[in-house]
Amino acid sequence: VMHQDRRPWLILAQAHLRVSELQALLDLFGTAEAIVDQPRSRLAEAELSDEKCTAITSPDERVVAKGLSWLGNAGHHLTAWGEDSYPEMIAQIPGPPLVLYVNGDIDALHLPALAIVGSRNPTEGGSRNAHNFAQHLAGRGFAIVSGLAQGIDAAAHEGALDAGGKTVAFLGTGIDRVYPAINRNLAHAIAANGALVSEYPLGAAPERWHFPERNRLISGLSLGTLVVEAARRSGSLITARLAAEQGREVFALPGSIHNPLARGCHRLIQQGAKLVETAGDILAELSPLTGHMLETSEESTANETPPDQPDDDYAELRRVLSHDPVSIDELEKRSGLTIDQLSSMLLILELHGEVESLSGGRYALAG
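Residues numbered from 1 in each chain as written. Predicted model: local features only at pLDDT ≥ 70, side-chain atom pairs only at ≥ 80, totals over all residues. Heavy atoms only, no water.

J.: Help me understand the packing of aromatic side chains, please; the structure alone is not making it clear to me.
T.: For the coordinates displayed, the defined rule picks out 2 aromatic pairs. With centroids separated by 6.1 Å and ring planes inclined at 75°, the aromatic side chains of Trp70 and Tyr101 adopt a geometry described as edge-to-face. Taken together, the residues Trp70 in helix H6 (residues 61–71) and Tyr101 in strand E2 (residues 99–104) connect sequence positions 31 residues apart. Arranged with centres 5.7 Å apart and planes meeting at 45°, the rings of Tyr179 and Phe211 form a pair that is tilted. Of the two residues, Tyr179 sits in the loop between strand E5 (167–170) and helix H10 (184–192) while Phe211 sits in helix H11 (residues 210–221), which places them 32 residues apart along the sequence. (Phe/Tyr/Trp six-rings, centres within 6.5 Å; stacked < 30°, edge-to-face > 60°. Helix = DSSP H or I, 4+ residues; strand = E, 2+ residues; numbered from the N terminus.)

J.: Hey, could you run me through the layout of surface pockets in this one?
T.: With a probe scaled to a water molecule rolled over the atoms, the places where space remains empty come into view. The computed volume of the largest pocket comes to approximately 970 Å³. For the lining of the largest pocket, the secondary-structure elements that each account for two or more residues are helix H8 (124–139), helix H16 (328–335), helix H17 (339–351), strand E11 (355–358) and strand E12 (362–365). Considering each element in turn, the lining of the largest pocket owes the most residues, 7 residues, to H8. Considering only residue class, the lining of the largest pocket consists of 14 nonpolar, 15 polar and 9 charged. (1 Å grid on protein atoms, 1.4 Å probe; cavity = no way out; pocket = protein on both sides within 12 Å on 5 of 7 lines; lining within 4 Å. Points joined across faces, edges and corners; volume = space filled by probe spheres on them. Nonpolar A, V, L, I, M, F, W, Y, C, P; charged D, E, K, R; others polar.)

J.: I tried to follow the pattern of salt bridges on my own but got confused; where do I start?
T.: Opposite charge on two side chains allows them to pair when their charged atoms are near. Tallied over the entire structure, the rule returns 17 salt bridges. Of the charged contacts, one joins Asp5 and Arg6 as a salt bridge, the two residues approaching to 3.4 Å between their closest N and O atoms. Judged by its relative accessible area of 40%, Asp5 is partly exposed. A salt bridge links Arg6 to Glu83; the shortest N-O distance between them is 2.6 Å. (Salt bridge = Lys/Arg side-chain N within 4 Å of Asp/Glu carboxyl O. Buried < 20%, exposed > 50% of the residue type's maximum accessible area, 1.4 Å probe, protein only.)

Just distances and angles here, no functional claims.
Written as structure tokens, this is what we have:
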């Protein structure tokens, strides 16, 4: 009974109603409830196609029942265009979805957000960069948005979760399916600490065209999109192009000229994307756009140490660093710290200007 107010939206979504058509019908009939109660003749007067009139006046009740049953579970939501719970950033883009299915914290869709996208087969350094940027920015109050794919997407979601921050994954399937299956556990973690979101009906399969289509939502929800590693032809570049068309910021991480996965990023930089070396570069661009949205103030970076790293770990890391470039594997041997600990500590030291990150994944003391 509780979710009966969602019934009209499930019917309108099943009719594949576009937002422009919804607006015209709302002008005539006032509410979604009133629209689905109209006789076919009145809907036809509003110049709706035959198929859409039929879908509204004789909906598939099994589909509606399935939707209502899904909504009966904790954390499951359906938000429709024009409602307060519908994310304002997505309402502004061309062709916004009529409804969004959300599994998790629907408020996460209203945080200032940064999209992080890139290759499904990244280098180890690429994955580490995606994880560290996500971890740092999630720790500063940004929701990290991506697409739950393998590679850079997964690393970005994990980085946000490791920071105890929020992360949002837009799916290319129905909300009740996880694709790829290898990310099932990650999807559960995202639903518990952020949100899984889909515009597709329950049960929808991972069709090829769904992925470029959902990329407009990844970029649309976000103030900016960071491309970490991308070949010259890749879905990440589609997301970056959509971000630019939507008037959002585009950031790209440069890489070695010998790494084919840096070429897409270098091309973006040639086309005017902002070259990014540290998370601070992104904060500097986006902070003015977030206004009151961010809880933490800029000053907090200066004394930020990761909560689980004792200060003597930092002393040990400073002891084994020098002005001669050294690889992270070598630092692991010399310091006894794990690669994961070193990655996050090096990023913090780099943000403070104490350490330089050099080509080939090597590090040295700055200055």
